[in-house]
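# Structure at a glance
Listed below, chain by chain, are the residues.
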Amino acid sequence: MAELLSAYLITGTDRPKVTRALRRLRDRVGEDATETLSASESSGEDAAASCNALGLFAVERRLVVVEQVERWKAADVKAVQEYLRKPAPTSVLALLGEEVKRDSALAKAVAKAGEVLVYDIPTTRGRKADLPKWVEQQFRERGIVIDHDAARAIVELAGDNADELATEVDKLTTWAAGERIGEQEVAELVPARADAPPFDLTDAWGRRDVAAVLAASERIVERSGDSPRDVFLRIAALVTNHVTRVRECQALDAEGVPPAAAADRLKRNRFYVQKLYEQAHNFSEEELGDAMIRLARLDLALKGGSKLPGELEFTRALVEITRPAETAARA
């Protein structure tokens, strides 16, 4: 087994691998010989002092773990740099941080005296979009085959926290006992606790899909720990802000401003503004104006201005601002 180095920086978005790497260090040194600090409470000088104190009085190898090192300031990093120029011979310094860059001063200092370990979830289209593939890989490493739709369902239900996903992978692996896992098994065994993404709701509204709007709003309410009334108010505010942006883009489009120029003017992502332009084409100017009025009435109703149940007011408002124009005309 290779000799332990004087320092390690362990970072990356793949939190389960970061945890396992730290566990390997702890197992080699021993829990009794491990001291854990937090950078939110301990400075770089504190970390250096702990390493030096252990080095003076301990015969065996000792481990000093410092978590959340991304919180350290320049003075803390400088203190660690000074320590690593002549580290204590019997101490191992393990620094844990979220997304600490390889070219940072701290990473460069550790690289000279030890090793920088970066464990990232591979991304191509964005972290959330790549998580189902990462989940599939975790099952493959455990000898389990899972359908792609099932892996995606786990992410939708459990959220994008890698530690939470790893817990579900371990649980399902034990349950499957070598058998293939499908979407039905995931639906039955994984509790829904992730926040439902708001763009599911606004995208459904933008394409005038009433059923999808109601389904998305139900997911948001179900997965929130707050009272339904508070969630209804938040969703109403969310939709109001979104309709306001769509109206802005509709007006810019009428002036002949292309989406790219509108994105620069509005200081927003170009792909997002392109989506707003597309949604604006699905509504008339009058419909968007009516939607703003209806949402204002909903806000008043939810704040005590109606004797009807809040859920009924909320559902009726979503249906009225979403349904296609011809359906609304018949109604």
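Now for a look at the structure at hand.

Conventions used here
Note on numbering: residues in each chain are counted from 1, in written sequence order. At least 70 in pLDDT is required for a residue's local features to be given in this predicted model, at least 80 for side-chain atom pairs to be given and counted, and no such filter applies to totals for whole chains, interfaces and linings, which use all residues. Each side-chain value is derived from all of the structure's non-hydrogen atoms; neither hydrogens nor water enter the calculation. Put simply, a salt bridge is a Lys or Arg side-chain nitrogen that is within 4 Å of an Asp or Glu carboxyl oxygen. Only DSSP runs of H or I covering at least 4 residues are called helices, and only runs of E covering at least 2 are called strands; the numbering of each starts at the N terminus. We call a residue buried when its accessible area falls under 20% of the maximum for its residue type, exposed when it is over 50%, and partly exposed in between, using a 1.4 Å probe and counting protein chains only. Whether two strands pair depends on DSSP finding at least two bridges between them. Note on contacts: a residue pair is in contact if any heavy atoms of the two residues lie within 4.5 Å. The span you would expect from a helix comes to 1.5 Å times its residue count less one. All axes here are fitted lines through C-alpha atoms, helices being fitted over the stretch that makes contact, and every angle between N-to-C directions spans 0 to 180 degrees. Note on angle classes: values under 35 degrees are labelled roughly parallel, values over 145 roughly antiparallel, values of 65 to 115 roughly perpendicular, and the remainder oblique. Here a crossing is called left-handed whenever its near helix is offset anticlockwise from the far helix by less than a right angle, and right-handed whenever the offset is clockwise.

### Structural notes on the pattern of salt bridges
All told, the structure shown has 18 salt bridges when counted by the stated rule. For R219, the salt bridge is made with D200, and the minimal N-O distance between the two is 3.7 Å. Here R219, found in helix α10 (residues 210-223), pairs with D200, found in helix α9 (residues 198-206); they are 19 residues apart in sequence, far enough to count as distant. Residue R219 is classed as partly exposed on the basis of its relative accessible area, which comes to 28%.

### Considerations on the pairing of strand β4 (residues 91-97)
Counting buried residues in β4 gives seven out of seven residues, a clear majority hidden from the surface. Taking every second residue as pointing to the same face, both faces of β4 are buried, with S91, L93, L95 and G97 on one and V92, A94 and L96 on the other. In this structure, strand β1 (residues 7-11) lies alongside β4, joined through five bridges in parallel fashion. Across the sheet, residue I10 finds its bridge partner in β4, namely L96. Relative to β4, strand β3 (residues 62-67) is paired through five bridges, and the arrangement is parallel. Looking at the pairing, R62 lines up with S91 of β4.

### Observations regarding the side chain of T173
With respect to the helices, strands and loops of the structure, T173 is situated in helix α7 (residues 162-176). The exposure class assigned to T173 is buried, which follows from its relative accessible area of 17%. Contacts of T173, omitting those with residues within four sequence positions, involve F139, R142 and I144.

### With respect to helix α11 (residues 228-254)
What sets the pattern is the α-helix's 3.6 residues per turn: residues three or four places apart point alike. For α11, with 27 residues, the first-to-last C-alpha span of 38 Å sits near the 39 Å given by 1.5 Å per residue. Listing the buried residues of α11 in full gives V231, F232, L233, I235, A236, V239, H242, V243, V246, C249, Q250 and L252. The elements touched by buried residues of α11 are α9, α10, α12 (259-266), α13 (270-280), α14 (285-305) and α15 (310-322). Positive backbone phi, approximately 90°, marks G256, located one or two places after α11.

### Structural notes on the packing of α9 against α10
Packed helices, taken two at a time, are described by the angle their axes make and the gap between the axes. α10 packs onto α9 with a crossing angle of 165° between their chain directions and a minimal axis gap of 8 Å. In terms of their interaxial angle, α9 and α10 are classed as roughly antiparallel. Pair α9 / α10 crosses with left-handed handedness. For the pair formed by α9 and α10, the contact residues are D200, L201, A204 and W205 on the first element and A212, V213, A216, S217, R219 and I220 on the second.

### Overview of the sheet that holds strand β2 (residues 34-38)
Pairing is parallel in the open sheet, where five strands are placed in the order β2-β3-β4-β1-β5. At either margin of the open sheet sits one strand with a lone partner, and together these are β2 and β5 (115-118). Averaged over all neighbouring strand pairs, the angle between strand axes comes to 15°, with direction disregarded. Relative to β3, β2 runs parallel, the two being bridged by five bridges. Within the sheet, the bridge partner assigned to L37 lies in β3 and is V66. Most of the contacts of helix α3 (residues 74-85) go to β4, to which it runs at about 150°, and overall it touches β1 and β4.

So, to be careful, I would describe these as geometric facts and stop short of saying anything about function.
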